[in-house]
Amino acid sequence: MSEVPSEARTVPQMTTELEHAPLQERSPGDSCFEKIYPFESDLKLREEYINFFGGLRIGKLLEDLDLVAGKVAYAHAQGWERGLGIVTAACDRIDLTGSLPSHSDLQLLASVNWVGRSSMEVGIRISTKSENDWKRVARAFFIMVSRREGRAEEVNPLAPKTREEQRRFKEGQERQRLRREMSRYNILTVAPDEQESKLLHSLFLEIREGTLKGVSMAETLRQSTRLMHPQFRNIHNKIFGGYLMREAFELAWNITYLFCGHRPQFLSVDHMYFYEPVEIGSILSFTGQVIYTSARALMVEVTAEVIDPASGITEVTNVSYFTFTVLDKAGNSLKINQILPETYEEGLKYLDGFKRFRLGEENEKIILSNDFLKSFPP
């Protein structure tokens, strides 16, 4: 799990009466947070976020999103006053629904959507300045968990008051149900069902008979290895989760660029799980590969593992899934090569990507039909 970095601490930590006081209901408005990047006027700030192609660096924005989610979660749970530690359990979902021009101001609006016993879903709306108004271009959901001395700690109940807040709460409940459902069908613990087995067998026959052309999944595998320096630590002297998100994203982007031969267009993050904290000074290996392709999009899985230099033993700390498309100069999506799994393990990864991809399409339809993000507090 990723703990909130030192920059997120805005309230001095106290050993206070609140630490053992009864939990009070709090509304989403009690902890909502706004951050604005004045990219139009602040050229120095823009330079920090711009990429080689003149657009915004998504990986760097991912760092900021994790930070903002932590600030909101701490505010809702009164984490500093109660002596809690708030950690990122997962980046549940990020969807890009519009362009991110580097010359326009950017706004982040964050609010707690849903609260369980010790977990909180924080929703973040990302908007760009269009004339005199803000235009929504993306949305993100983070799952934050409260801890005390390593154990789950109950947080303040959420009291949605307005119609919009109640709708967000219900949608948060539904996403929690979907998360639990996905966790029950892990490819390492549950065998493919009949329909999935038929899909995999049909794919195998087409590959064997040569009727399906494409690129071997193994050929897309790429890896990067990093020493974890203290500059990326959080208040608990672990590596900041936003940094891990940035590194994973940039590897996935590079893999897509090499696979397609055209500049990738980011579409979504479908879960980034934080299983274990990453220690300062550890060696972390990021391994990624394309696991699923459709005609116009692909999914890259990136796994982060801590490596013990003495024994060579590895431990998985993070797994994430990124979806991209590729565009021509006119902005039209290009046809993507078929990915070809050639082993049973690769076949299981392909099925996992297929399920995640389809679920992402359904989520996107819900977002567009509800226009959910307009309901964030101003």
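Every chain's residues receive numbers from 1 upward, in the order its sequence appears when written. Totals for whole chains, interfaces and linings use every residue, but because this is a predicted model, local features are given only for residues with pLDDT of at least 70 and side-chain atom pairs only at 80 or more, for both listing and counting. As a rule here, side-chain values come from all non-hydrogen atoms in the structure, and water together with hydrogens is ignored.

Enquirer: Even after reading the chapter, I still don't get the overall build of the protein chain, so can you show me in this structure?
Expert: Secondary structure elements follow DSSP: runs of H or I no shorter than four residues count as helices, runs of E no shorter than two count as strands, and numbering proceeds from the N terminus. From N to C terminus, the protein chain includes seven helices and 14 strands. Residue exposure (1.4 Å probe, protein chains only): buried if accessible area is under 20% of the type maximum, exposed if over 50%, otherwise partly exposed. For the protein chain, the residues scored as buried account for 52% of the 378 residues in total. Throughout, a residue-residue contact means that at least one pair of heavy atoms, one from each residue, lies within 4.5 Å. Within the protein chain, contacts between residues at least 6 apart in sequence are counted, and of these 76% link residues at least 24 apart.

Enquirer: I would appreciate a short explanation of the environment of Leu351 in the present structure.
Expert: Turning to its location among the elements, Leu351 is positioned in helix H7 (residues 344-370). With 155 residues separating them in the primary sequence, Leu351 and Glu196 have C-alpha atoms 7.0 Å apart. For Leu351, the residues in contact, after removing those within four places along its chain, are Pro192, Glu196, Leu199 and Leu200.

Enquirer: Help me understand the pattern of salt bridges, please; the structure alone is not making it clear to me.
Expert: Any two side chains of opposite charge can pair, given that their charged atoms come close. Salt bridge, as applied in this entry: a Lys or Arg side-chain nitrogen positioned within 4 Å of an Asp or Glu carboxyl oxygen. What the rule picks out here adds up to 19 salt bridges. With a shortest N-O distance of 3.1 Å, Arg246 and Glu63 are connected by a salt bridge. With a gap of 183 residues between them, Arg246 in helix H6 (residues 241-260) and Glu63 in helix H2 (residues 58-77) connect regions that are remote in the sequence. Close ionic contact of Glu194 with Lys198 constitutes a salt bridge, the shortest N to O distance being 3.5 Å. In this pair, Glu194 and Lys198 are both assigned in helix H5 (residues 194-209), four residues apart and thus about one turn of the helix distant. Each of Arg93, Asp95, Arg139, Asp270, Asp352 and Arg356 takes part in salt bridges that share partners, so that together they form one network.

Enquirer: What's the story with the packing of aromatic side chains in this structure? I'm lost.
Expert: When we look at a pair of aromatic rings, we describe it by the centre distance and by the angle of the planes. Under the pairing criterion, centres of Phe, Tyr and Trp rings, with the six-membered ring standing for Trp, must be within 6.5 Å; the plane angle then separates stacked pairs below 30 degrees from edge-to-face pairs above 60, leaving the rest tilted. Going through the model one piece at a time under the given rule, you end up with 17 aromatic pairs. Judged by centre distance (5.5 Å) and plane angle (80 degrees), the ring pair of Phe249 and Phe266 falls under edge-to-face. Taken as a pair, Phe249 in helix H6 and Phe266 in strand E10 (residues 264-274) lie far apart in primary sequence, 17 residues in all. With a relative accessible area of 5%, Phe249 lands in the buried category. Seen from their ring centres, Tyr292 and Phe354 are 5.9 Å apart, and the 65 degrees between their planes marks the pair as edge-to-face. Linking Tyr292 in strand E11 (residues 283-293) with Phe354 in helix H7, this pair joins segments that are 62 residues apart in sequence. Given the relative accessible area of 4%, Tyr292 is considered buried. Pairwise contacts between aromatic rings join Phe52, Phe53, Trp253 and Tyr257 into one cluster. The ring of Tyr49 is capped by Lys60, whose NZ or CZ atom sits 5.0 Å from the centre of that ring. Criterion for a charge above a ring: Arg CZ or Lys NZ at most 6 Å from the ring centre, at most 35 degrees from the ring normal.

Enquirer: Explain the nonpolar core here, please?
Expert: Soluble, globular proteins show a tendency: their nonpolar side chains are buried together. In this structure, Ile124, Ile126, Leu244 and Phe322 are the most contacted members of the largest nonpolar core, which totals 86 residues. Per-element accounting of this core gives the leading share, 11 residues, to H6. In this view, Phe322 contacts Leu62, Met245, Ala248, Phe249, Ala252, Phe266, Ser268, Val269, Leu298, Met299, Val300 and Val302; residues no more than four positions away in its chain are not counted. The term nonpolar core refers to a set of buried residues drawn from Ala, Val, Leu, Ile, Met, Phe, Trp, Tyr and Cys, joined through side-chain atoms within 4.5 Å. Counting residues in each nonpolar core, the second largest holds five residues, with Val87, Ala89, Ala90 and Ile143 among its members.

Enquirer: Explanation requested: the environment of Phe266 in the structure shown.
Expert: According to the relative accessible area criterion, Phe266 is buried, its value standing at 5%. When near neighbours in sequence (up to four residues on either side) are disregarded, Phe266 contacts Ile58, Ile94, Leu96, Phe249, Phe322, Thr323 and Phe324.

Enquirer: Help me out: how do you make sense of a nonpolar patch on the surface in this one?
Expert: Here the term patch refers to residues with relative accessible area over 30% and no salt bridge, with like charges joined within 9 Å and nonpolar side chains (Val, Leu, Ile, Met, Phe, Trp, Tyr) within 5 Å. For the accessible areas, the method is Shrake-Rupley and the probe is 1.4 Å, while residue cover comes only from the protein chains on display. On the surface, Phe52, Phe53 and Tyr257 cluster together into a nonpolar patch covering about 350 Å² of accessible area. Position of Phe53 relative to the elements: it lies in the loop between helix H1 (43-49) and H2. Taking relative accessible area as the criterion, Phe53 reaches 32% and is therefore assigned partly exposed.

Enquirer: Explain the environment of Gln173 here, please?
Expert: Positionally, Gln173 belongs in helix H4 (residues 163-183). Look at Gln173 and you get partly exposed, because its relative accessible area is 41%. Each C-alpha atom of the pair Gln173 and Asn113 lies 9.0 Å from the other, and the pair is 60 residues apart in sequence.

Enquirer: Can you help me understand H2 in this one?
Expert: The first and last C-alpha atoms of H2 sit 29 Å apart over 20 residues, in line with the 28 Å expected at 1.5 Å per residue. A large share of H2 lies buried, amounting to 18 of its 20 residues. Gln78 sits one or two positions beyond H2 and adopts a positive phi of about 50 degrees. Each residue after the first adds 1.5 Å to the expected span of a helix.

Enquirer: Got a minute to help me understand the side chain of Glu165 in this structure?
Expert: Mapping Glu165 onto the fold places it in helix H4. Here the positive residues are Lys and Arg and the negative ones are Asp and Glu; neither His nor the chain ends is included. Despite being buried, Glu165 has no salt bridge partner; Arg168 is the closest side chain of opposite charge, sitting 4.7 Å away. Once residues lying within four places of it in the same chain are set aside, the contact partners of Glu165 are Pro28, Gly29 and Pro160.

Enquirer: Sorry if this is basic, but what is going on with the pairing of strand E5 (residues 119-130) here?
Expert: A regular strand carries its side chains on alternate faces of the sheet. Of all 12 residues in E5, 10 are buried, a share of seventy percent or more. With nine bridges joining them, strand E4 (residues 106-115) and E5 adopt antiparallel strand pairing. Within E5, the residue paired with Val112 across the bridge is Val122. A pair of strands is labelled paired if DSSP reports no fewer than 2 bridges between them. From the end of E4 to the start of E5, which pair antiparallel, there are three residues. Pairing between E5 and strand E6 (residues 133-148): 12 bridges, direction antiparallel. Directly across from Ser119, in E6, lies its bridge partner Val145. Linking E5 back to E6 in an antiparallel pair, the connection comprises two residues, with Glu131 at a positive phi of about 55 degrees.

Worth remembering: the numbers are spatial, not functional.
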